[in-house]
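Next come the chains, spelled out residue by residue.
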Amino acid sequence: MVQPLTHIQLNMLTRGLHKRTAARYAARIALMVLALAGVSANERASIAGELVCEADWSTAGPIVRAERLTPVEDIRSRLDVQRAGRPLRVQLCRDGTRWLYRITVVRSDGEVRTLAVDAREGAIISDGG
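Residues numbered from 1 in each chain as written. Predicted model: local features only at pLDDT ≥ 70, side-chain atom pairs only at ≥ 80, totals over all residues. Heavy atoms only, no water.

1. A word on the packing of aromatic side chains
Two aromatic rings, taken as a pair, are described by how far apart their centres are and by the angle between their planes.
And then number 1: On inspection of all chains with the given rule, the structure shows one aromatic pair.
And then number 2: On the basis of an interplanar angle of 25 degrees and a centroid distance of 6.2 Å, the ring pair of Trp-57 and Tyr-101 is categorised as stacked. Of this pair, Trp-57 sits in helix α4 (residues 57-66) while Tyr-101 sits in strand β3 (residues 98-106), placing them 44 residues apart in sequence.
And then number 3: Take Tyr-101: its relative accessible area is 0%, and that puts it in the buried class. (Phe/Tyr/Trp six-rings, centres within 6.5 Å; stacked < 30°, edge-to-face > 60°. Helix = DSSP H or I, 4+ residues; strand = E, 2+ residues; numbered from the N terminus. Buried < 20%, exposed > 50% of the residue type's maximum accessible area, 1.4 Å probe, protein only.)

2. Structural notes on α4
And then number 1: Inspection of α4 places Ala-60, Gly-61 and Val-64 among the buried residues, and these make up the whole buried set. Along the long axis of α4, the arc covered by the buried residues comes to 105 degrees, so they all point the same way. Away from the buried face of α4 by more than 90 degrees, exposed residues Ser-58 and Ala-66 are located.
And then number 2: Packed against the buried residues of α4 are β1 (51-54), β2 (86-95) and β3.
And then number 3: Following α4 by one or two positions, Arg-68 adopts a phi angle in the positive range, close to 55 degrees. (Arc of directions from axis to C-beta. Contact = heavy atoms within 4.5 Å.)

3. Brief notes about unusual backbone geometry
And then number 1: At Arg-68, a residue that is not glycine, the phi angle is positive and equals roughly 55 degrees.
And then number 2: A relative accessible area of 75% means that Arg-68 is categorised as exposed.

So this is what it looks like as C-alpha cells:
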C-alpha cells in the first residue's frame, strides 16, 4: 500500500529533493513537534523506531510485568553459559513495538559480546557476532 505524501514531502519534491530524503526531513520535523508537545525522549525514540533501552530495573521490572514478558531470570537460566558466555549486564529495550533484552556477556576466551533476546519468546535474535 502506497502512503500519500505529506504537504512537507510534496514541497521538498518540488524543490528537487529525493522522496526518501523528504521522508527523513518530515520525520525529523514530526519528532521536533513531539518534543515541543512534551513527549518524553523515550517515547519519541520509540515512535521513530529507534532502540530505546532501560537499564534501571526499578523502571524495567514493572514493564516486564505489565507487558507479560519473559522474566530476565528465566532468560538467564536458559542461556548456555559455555556457548553464549557469562552475563555482565542486562537491559530491557524496545524496538518500535518489539521488546527485547540486550545482554552483555563475557565468553570464556575473554571476548565481550552483546546478545539480543526476544523478551516475549526468549529466543536469541542476535548473538553479537
